[in-house]
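Listed here are the chains, written in short residue letters.
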Amino acid sequence: MATLLSVAGCNKVLDQPILGTYEASKYFNSLANAKAAVNAAYVPLNFGDAFANQLWVLTDVASDDAVKGGLPGDQAHIDDINNFNILTSNAAVEGVWGRYYDGISKANFVIQGLTADNQVVPDADKATIVGQAKFLRAYYYFILTNCYGDIPLRLEVATADNLGSPAVAQTQIYAQIEKDCNEAADALPANWTGADQGRATKGAALALLAKTYLFEKKYDEAAITAEQVEALGYQLTQLYTDNFNAKTENNTEVIFAVQHVAGLSPKQGSGLNQAFAPRGALNGYGFFQPTQSLVDNFEQSPDGVADPRLDYTVARESHPYFDSAFDPSWTATGYLTKKQIQPLSEIPVSTKGDADLNTEVLRFADVLLIKAEALNEAGKSAQALVPLNEVRKRARESYIYDTSLGDGTIPAGLLPDITTTDQADLRAIIRRERRSELALEFGRFFDIIRYGSAYATNALRDIPNFNYEQNKFFPIPESERQTNKLLGR
């Protein structure tokens, strides 16, 4: 695993021995080895193969935002997710579990091996390397516990003696995420430069911590931590689309993103581009098609002008699909995703499945909406309006800064500032805003579930077989139960 460099900003490959042949205590005998080890811990984030990292299936296809798409019968296990007919052997359920626990294993190798008494690696480097590993471990656990609920907590490198691990309560997983994020925030710099750009930062650790607090309903802590992220100087980009354009990625809004670089060997470009693009002349596979429900979530002005984020997010009839005319035969729902897509003309190597476009994990708009929700739930609804309206202001001002939208005039009544301080009304508004702002960014199902049974049952009312208590978490894979006898049957 050490042969792969980080997908977080490093564009070369190191010729290093395989870590599995070394004891951790013996491996960390140079700074180069330490960097190689943490670089390997970033690798499971990569979407080089959309069907090897199926996070998009469990987070958005399972939700009301997208359906499988593709050809009938192709990747049938995704239809099973779509219809909540989910076996413990489902390939997406198996794949996400294995991939993200692999990330934890690689992070544990760094944390356990690069100990305080290591005299070879300079202390400053040691701190930032371990800090990155703790952030990555926290992120992998955040994904896993929100996918599977109560899961094993593994904090040491797996050996023949400790392969069995019982599932622990989600509260215990969250406590470890909090601990790792706090320690990572203390150790990591606010910024990286040069070839290190894209590595985990203090802001990434704090943003993940704020999100974790929100999911735990620790609203005061979530709001305070979101403010700490704000204090680091992140800013919304002028245009929403700057976050989904390879020419403007790693901008002032990006807190943490999976760094995809085209044309490298081993491959580090994005495979989502080909998986989600339409079949036919554009050489895609046609997966991940947005729903009418998602389209209807976007607001309109009184004259019927849509929230500009709709057409930045979703391709539809009578609107161009990048540099091609939209063809309704491309999609069963009438829509295609535009996020995660890079036109072939912009890909340096002109290979559809090796795109140069990053995948957003944490961005400042998310932090603002975390703050707005936390303040409202904490009974501070008037204060919640400030971050909420900041997000809405950027969206409507696209009409000023995007010349393709018209004459620079904001349509009357489009995305006005919210003024209500009624907690229940504002809760519904924030939830709708979050869905529009973060649509198709691999997080909707987590939000649906954490909002509770009534919300989830209504949101997924048209999806066959959904039952909140039975389906709020995906089943622990059968392969894991066979290997880890402490999980039971």
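The following paragraphs examine the structure supplied in this document. (Residues numbered from 1 in each chain as written. Predicted model: local features only at pLDDT ≥ 70, side-chain atom pairs only at ≥ 80, totals over all residues. Heavy atoms only, no water.)

### A few points about the overall build of the protein
When you go through the protein residue by residue, the secondary structure sums to 20 helices and eight strands. Dimensions along the principal axes, computed over C-alpha positions, put the protein at roughly 70 × 50 × 50 Å. Sorting the 489 residues of the protein into buried and exposed places 58% on the buried side. Taking contacts inside the protein between residues at least 6 apart in sequence as the whole, the part at least 24 apart equals 70%. Put simply, the protein has 43 plus and 60 minus side-chain charges, and the middle of one group is 2 Å from the middle of the other. (Helix = DSSP H or I, 4+ residues; strand = E, 2+ residues; numbered from the N terminus. Buried < 20%, exposed > 50% of the residue type's maximum accessible area, 1.4 Å probe, protein only. Contact = heavy atoms within 4.5 Å. Lys, Arg positive; Asp, Glu negative; His and termini not counted. Charge placed at Lys NZ, Arg CZ, Asp CG, Glu CD.)

### Remarks on helix α2 (residues 31-42)
Between its first and last C-alpha atoms α2 spans 17 Å; for twelve residues at 1.5 Å apiece the expected length is 16 Å, and the two agree. Buried residues dominate α2, accounting for nine of its twelve residues. Of all the residues in α2, the buried ones are Asn33, Ala34, Ala36, Ala37, Val38, Asn39, Ala40, Ala41 and Tyr42. (Expected span 1.5 Å × (residues − 1).)

### Focus: the pattern of salt bridges
Scanning all chains against the criterion turns up 37 salt bridges. Residue aspartate 366 is joined to lysine 211 by a salt bridge in which the shortest nitrogen-to-oxygen separation is 3.0 Å. In this pair, aspartate 366 sits in helix α13 (residues 364-377) while lysine 211 sits in helix α8 (residues 202-215), placing the two residues 155 residues apart along the sequence. Taking the relative accessible area as the measure of exposure, lysine 211 reaches 13% and is therefore buried. With a closest N to O distance of 2.7 Å, glutamate 441 and lysine 339 form a salt bridge. Taken together, the residues span a long stretch of sequence, with glutamate 441 in the loop between α16 (423-437) and α17 (444-450) and lysine 339 in the loop between β7 (335-337) and β8 (359-363) at a distance of 102 residues. Its relative accessible area of 14% is what places glutamate 441 among the buried residues. Judged by its relative accessible area of 0%, lysine 339 falls in the buried class. (Salt bridge = Lys/Arg side-chain N within 4 Å of Asp/Glu carboxyl O.)

### Some details on empty space enclosed by the protein
Over the atoms rolls a probe the size of a water molecule, and in doing so it shows where empty space is left. Under the definition given, this model contains one cavity of 30 Å³ or more. For the largest cavity, the calculated volume is near 400 Å³. Around the largest cavity sit 29 residues that line it, and Lys211, Val361, Glu441, Phe442 and Gly443 are the ones nearest its centre. Of all the secondary structure elements, the ones that give two or more residues to the lining of the largest cavity are α3 (55-61), α6 (123-148), α8, β8, α16 and α17. Here the lining of the largest cavity takes five residues from β8, the largest share from any one element. Here the lining of the largest cavity is built from residues that sort into 15 nonpolar, two polar and twelve charged. (1 Å grid on protein atoms, 1.4 Å probe; cavity = no way out; pocket = protein on both sides within 12 Å on 5 of 7 lines; lining within 4 Å. Points joined across faces, edges and corners; volume = space filled by probe spheres on them. Nonpolar A, V, L, I, M, F, W, Y, C, P; charged D, E, K, R; others polar.)

### Topic: the layout of surface pockets
Its boundaries defined by the atoms lining it, the largest pocket holds a volume of some 730 Å³. In terms of lining, the largest pocket is formed by 30 residues, of which the most central are Thr241, Asp311, Tyr312, Phe322 and Lys338. The element best represented in the lining of the largest pocket is helix α12 (residues 308-313), accounting for three residues. The residue inventory of the lining of the largest pocket, partitioned by class, reads 15 nonpolar, seven polar and eight charged. Approximately 560 Å³ is the volume found for the second largest pocket. If you go around the second largest pocket, you meet 27 residues; those closest to its centre are Asp64, Ser293, Arg435, Ala459 and Arg461. For the lining of the second largest pocket, the elements supplying multiple residues, two or more each, are β1 (66-69), α11 (292-297), α16 and α18 (453-459).

### Points about the packing of α6 against α8
Between α6 and α8, the least distance of the axes is 10 Å, while the angle of their chain directions is 25 degrees. The orientation of α6 with respect to α8, classified from their angle, is roughly parallel. The hand of the α6/α8 crossing is left-handed. Touching Phe135, Ala138, Tyr139, Phe142 and Asn146 of α6 are Ala204, Ala205, Leu208, Lys211, Thr212 and Phe215, all from α8. Here the residues of the contact of α6 with α8 sort into eight nonpolar, two polar and one charged. (Axes fitted to C-alpha atoms, helices over the stretch in contact; angles between N-to-C directions. Parallel < 35°, antiparallel > 145°, perpendicular 65-115°, else oblique. Left-handed = near helix turned anticlockwise from the far one by under 90°.)

### Things to note about the environment of glutamate 478
When you line up the elements, glutamate 478 lands in helix α20 (residues 478-483). Judged by its relative accessible area of 19%, glutamate 478 falls in the buried class. When the C-alpha atoms of glutamate 478 and asparagine 33 are compared, they prove to be 35 Å apart, with 445 residues separating the residues in sequence.

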